[in-house]
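Next come the chains, spelled out residue by residue.
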Amino acid sequence: MMDLLTLPNFHHEIFYGVAVFVLVLAIWMLKRRKKDERVRLRTREELYDFSKRLQQFGKDREIEDLLAKLRPYKYAPKTSKIPKNLRKEALALYEKKRKTKMRRFFDLYQ
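Rules of the game
Residues numbered from 1 in each chain as written. Predicted model: local features only at pLDDT ≥ 70, side-chain atom pairs only at ≥ 80, totals over all residues. Heavy atoms only, no water. Helix = DSSP H or I, 4+ residues; strand = E, 2+ residues; numbered from the N terminus. Buried < 20%, exposed > 50% of the residue type's maximum accessible area, 1.4 Å probe, protein only. Contact = heavy atoms within 4.5 Å. Areas by Shrake-Rupley, 256 points an atom, 1.4 Å probe, with all protein chains shown as cover. Lys, Arg positive; Asp, Glu negative; His and termini not counted. Salt bridge = Lys/Arg side-chain N within 4 Å of Asp/Glu carboxyl O. Phe/Tyr/Trp six-rings, centres within 6.5 Å; stacked < 30°, edge-to-face > 60°. Polar contact = N/O pair within 3.5 Å; in protein donor to acceptor, adjacent residues only side chain to side chain. Patch = residues over 30% accessible without salt bridge, like charges linked within 9 Å, V, L, I, M, F, W, Y side chains within 5 Å. Axes fitted to C-alpha atoms, helices over the stretch in contact; angles between N-to-C directions. Parallel < 35°, antiparallel > 145°, perpendicular 65-115°, else oblique. Left-handed = near helix turned anticlockwise from the far one by under 90°. Nonpolar A, V, L, I, M, F, W, Y, C, P; charged D, E, K, R; others polar. Expected span 1.5 Å × (residues − 1). Arc of directions from axis to C-beta.

Participant: How would you summarise the overall build of the chain if you had to cite specific residues and measurements?
Facilitator: Assigned secondary structure in the chain consists of four helices and zero strands. The 110 residues of the chain split such that 17% are buried. When contacts within the chain are restricted to residue pairs at least 6 apart in sequence, those whose partners lie at least 24 apart make up 56%. Carbon and sulfur atoms make up 59% of the accessible area of the chain, which amounts to about 10,100 Å² in all.

Below, the structure written as structure tokens:
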């Protein structure tokens, strides 16, 4: 018949190594999926969602100025494309506010 495959003496270490590798891979994939939730500003619906997200950060002079600049593109009957420099400015401000909000959240637990 068929003989059983004998495992090496360090088979537990191999198992734990594979388990740690799978765990690290799963965490990396979950973080990557969260990162892929990037904000886009191409359509009117995305612009509405973006303005809602910005307003969640609270009232701020920078946010109010940016929303005032985006208002003609959001409420116009026929929306033209948002200029590249305005889109970059909006996304940069969003990332800045998001990072400062996360820092404040983590400062509460220190």
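Having seen the model, we can carry on.
Participant: Explain the side chain of R87 residue by residue, including any values.
Facilitator: Relative to the elements of secondary structure, R87 occurs in helix α4 (residues 84-107). As a buried residue without a salt bridge, R87 has its nearest oppositely charged side chain in E46, at a separation of 7.7 Å. Residues contacting R87, with those up to four places away along its chain left out, are L41, R42 and I82.

Participant: Describe the packing of aromatic side chains, with residues and values.
Facilitator: Throughout the structure, instances matching the rule amount to three aromatic pairs. Aromatic rings pair up to connect F50, F57 and Y94 into one cluster.

Participant: Residue-level account of the side chain of K74, with values.
Facilitator: Checked against the element boundaries, K74 lands in helix α3 (residues 61-75). One buried charge, K74, has no salt-bridge partner; the nearest side chain with opposite charge is E64, at 9.7 Å. Of note is the side chain of K74, whose polar atom sits 3.2 Å from the side chain of S51. Those residues in contact with K74 that lie beyond four places of it in its chain are R44, L47, Y48 and S51.

Participant: I'd like to hear about a nonpolar patch on the surface, residue by residue, with values.
Facilitator: A grouping of F10, I14, V18, F21, V22, L25, W28 and M29 is seen on the molecular surface, where their side chains present a nonpolar patch of about 810 Å² in accessible area. Of note, F21 is situated in helix α1 (residues 11-35). Owing to a relative accessible area of 56%, F21 belongs among the exposed residues under this scheme.

Participant: Before we move on, could you go through the packing of helix α2 (residues 44-55) against α3 and cite the residues and values that matter?
Facilitator: If you want to describe how two helices pack, look at the angle between their axes and the distance between the axes. Between α2 and α3, whose axes approach to 11 Å, the crossing angle comes to 160°. Considering the angle they form, α2 stands roughly antiparallel to α3. Regarding α2 and α3, the two cross each other, and that crossing is left-handed. Residues R44, L47, Y48, F50, S51, L54 and Q55 of α2 pack against I63, L66, L67, L70, Y73, K74 and Y75 of α3. Split into classes, the residues belonging to the contact of α2 with α3 amount to 10 nonpolar, two polar and two charged.

Participant: Lay out α2 with the relevant residues and their values.
Facilitator: Taking 1.5 Å of rise per residue, 12 residues should cover 16 Å, and α2 covers 17 Å from first to last C-alpha, within 8% of that figure. Taken together, the buried positions of α2 are L47, F50, S51 and L54. The buried side chains of α2 occupy one side of the element, clustering within an arc of 100° when seen end-on. For α2, exposure combined with an orientation more than 90 degrees from the buried face picks out E45 and K52.

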